[in-house]
Amino acid sequence: MPNFRMKLFPTKEMKFRLVNDQAETLDRLNRRTERSDNLTSQFTDKSFRGLINGNDFKLISSAIGKGAFCVMSGQINSVDGSVKVEIHKVFRILLSIILLFPLIGIIVMAISKTEGFSPIMILVAVGQFLMIRYIFIELAFRFLSRESLNRLRDVLDLEWMKN
């Protein structure tokens, strides 16, 4: 039976093949990553900020303003690896609040009764929720995750594998 569970926030998982060996790839990643325990955006001359433990990593792009939106976590094996991109926890909280605005508007309208409350307003609120989630959040995630993954590809010199 297919799983039709709606994910509130998008994620992207990709597999890659290393062009060089694991040691050289990890060395390149270590040289281009500024250590940061809490994954916050800050001016740096490095490509990424984050943590690298052995062959596991958790990174954000160092691009100010948009780099912290996506968190890349994954591992680098001997000839291949994988990376999972998801929206940073802080942004998920902020976006959750924005997603609640249509519901809050319906509740305020129902309680205040200043205007004639119409059941069509519920459909409008659902439409607004879907637009926020599937147009604004999805497009922002696709654009910013692609940018972060391209930066990772350039730094690590890797090839994406087809799923």
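Reference entry: report on the structure contained in this document. As a convention, each chain's residues are numbered from 1 in the sequence order in which they are written. Residues qualify for local features only when their pLDDT is at least 70, as the model is predicted, and side-chain atom pairs are given and counted only at 80 or more; totals for whole chains, interfaces and linings, by contrast, use all residues. Hydrogens are left out, water is left out, and the side-chain values use all remaining heavy atoms of the structure.

### Some words on the environment of Phe69
Then, in step 1: By definition, any uninterrupted DSSP run of H or I lasting at least four residues is a helix, any uninterrupted run of E lasting at least two residues is a strand, and each is numbered from the N terminus. On the secondary structure map, Phe69 appears in the loop between β4 (56-61) and β5 (70-76).
Then, in step 2: Counting along the chain gives 60 residues from Phe69 to Phe9, while the straight-line C-alpha distance between them is 12 Å.
Then, in step 3: Residue contacts follow a heavy-atom distance rule, with two residues in contact if any of their heavy atoms lie within 4.5 Å. The contacts of Phe69, once residues within four sequence positions are left out, are Glu86, Ile87, His88, Phe91, Leu95, Ala140, Phe141 and Leu144.

### Observations concerning the nonpolar core
Then, in step 1: Side-chain atoms within 4.5 Å link the members of a nonpolar core, which is a set of buried Ala, Val, Leu, Ile, Met, Phe, Trp, Tyr and Cys residues. Only protein chains enter the accessibility calculation, which uses a 1.4 Å probe; a residue whose area is less than 20% of its type maximum is buried, one above 50% is exposed, and one in between is partly exposed. In terms of nonpolar packing, the biggest core is built from 27 residues, with Leu29, Phe57, Leu59, Met72, Ile76 and Leu152 touching the most fellow members.
Then, in step 2: Excluding its chain neighbours within four sequence positions, the residues that come into contact with Leu59 are Leu29, Thr33, Leu39, Phe48, Arg49, Gly50, Leu51, Ile52, Cys70, Val71, Met72 and Leu152.

### Concerning the pairing of strand β1 (residues 11-18)
Then, in step 1: Any two strands are treated as partners once DSSP identifies two or more bridges connecting them. Relative to strand β6 (residues 80-87), β1 runs antiparallel, the two sharing 7 bridges. Bridging from a neighbouring strand, Met14 pairs with Val83 of β6.
Then, in step 2: With 3 bridges connecting them, β1 and strand β7 (residues 158-160) associate as antiparallel partners. What sits directly across from Leu18, in β7, is Leu158.

### Looking at the sheet that holds β6
Then, in step 1: Spatial strand order, β2-β3-β4-β5-β6-β1-β7: 7 strands in an open sheet with mixed pairing. In this open sheet, the two edge strands, each paired with only one partner strand, are β2 (33-35) and β7. Each adjacent strand pair in this sheet contributes to an overall mean axis angle of 35 degrees, direction not counted.
Then, in step 2: Those strands touched by helix α1 (residues 22-31) are β1, β2, β3 (48-53), β4 and β5, and its axis lies near 150 degrees from that of β5. Each axis is a line fitted through C-alpha atoms, taken for helices only over the stretch in contact, and angles between the N-to-C directions span 0 to 180 degrees.

### What about the packing of aromatic side chains?
Then, in step 1: Each Phe, Tyr or Trp ring (for Trp, its six-membered ring) is paired with any other whose centre lies within 6.5 Å, and the angle between the two planes then decides the class: stacked below 30 degrees, edge-to-face above 60, tilted in between. Scanning the model with the defined rule gives 2 aromatic pairs in all.
Then, in step 2: Summarising the aromatic geometry, the rings of Phe16 and Trp160 are spaced 6.0 Å apart at their centres and angled 85 degrees between planes, so their arrangement reads as edge-to-face. You can see Phe16 sitting in strand β1 and its partner Trp160 sitting in strand β7, a full 144 residues away along the chain.
Then, in step 3: Geometry around Tyr134 places Arg133 over its ring, the cationic atom sitting 4.5 Å from the centre. Both a distance and an angle decide whether a charge sits over a ring: NZ of Lys or CZ of Arg must be within 6 Å of the ring centre and within 35 degrees of the ring normal.

### Some points on a nonpolar patch on the surface
Then, in step 1: Each patch is assembled from residues with relative accessible area greater than 30% and no salt bridge, linking like charges that lie within 9 Å and nonpolar side chains (Val, Leu, Ile, Met, Phe, Trp, Tyr) that lie within 5 Å. Computed by Shrake-Rupley with a 1.4 Å probe, the accessible areas treat only the displayed protein chains as cover when residues are assessed. Put simply, a salt bridge is a Lys or Arg side-chain nitrogen that is within 4 Å of an Asp or Glu carboxyl oxygen. A grouping of Val90, Ile93, Leu94, Ile97, Ile98, Leu100, Phe101, Leu103, Ile104, Ile107, Val108 and Ile111 is seen on the molecular surface, where their side chains present a nonpolar patch of about 1100 Å² in accessible area.
Then, in step 2: Residue placement: Val90 occurs in helix α2 (residues 89-112).
Then, in step 3: A relative accessible area of 48% means that Val90 is categorised as partly exposed.

### Thoughts on the environment of Gln42
Then, in step 1: Note on placement: Gln42 falls in the loop between β2 and β3.
Then, in step 2: Among the residues examined, Gln42 registers a relative accessible area of 44% and is labelled partly exposed.
Then, in step 3: With 80 residues separating them along the chain, Gln42 and Ile122 place their C-alpha atoms 42 Å apart.
Then, in step 4: Discounting residues that sit within four places of it in the chain, Gln42 has contacts with Glu34, Arg49, Ser62 and Ile64.
Then, in step 5: For this analysis, a polar contact is any N or O atom pair within 3.5 Å, provided that within protein one partner can donate a hydrogen and the other can accept it, and provided that sequence-adjacent residues contribute only side-chain to side-chain pairs. Among the polar contacts made by the side chain of Gln42, one reaches the side chain of Arg49 at a distance of 2.9 Å.

### Looking at the packing of α2 against helix α3 (residues 120-156)
Then, in step 1: Contact geometry for α2 and α3: axes closest at 10 Å, N-to-C directions at 170 degrees. It follows that α2 is roughly antiparallel to α3 by the angle criterion. Every residue of α3 that contacts α2 at Leu95, Ile98, Leu99, Pro102, Ile106 and Met109 is listed here: Met121, Ile122, Ala125, Gln128, Phe129, Ile132, Arg133 and Ile137.
Then, in step 2: Gly is put with the polar residues, along with every residue not named as nonpolar or charged; the nonpolar set is Ala, Val, Leu, Ile, Met, Phe, Trp, Tyr, Cys and Pro, and the charged set is Asp, Glu, Lys and Arg. The residue inventory of the contact of α2 with α3, partitioned by class, reads 12 nonpolar, 1 polar and 1 charged. Each angle is binned into one of four classes, with values under 35 degrees roughly parallel, values over 145 roughly antiparallel, values of 65 to 115 roughly perpendicular, and all other values oblique.

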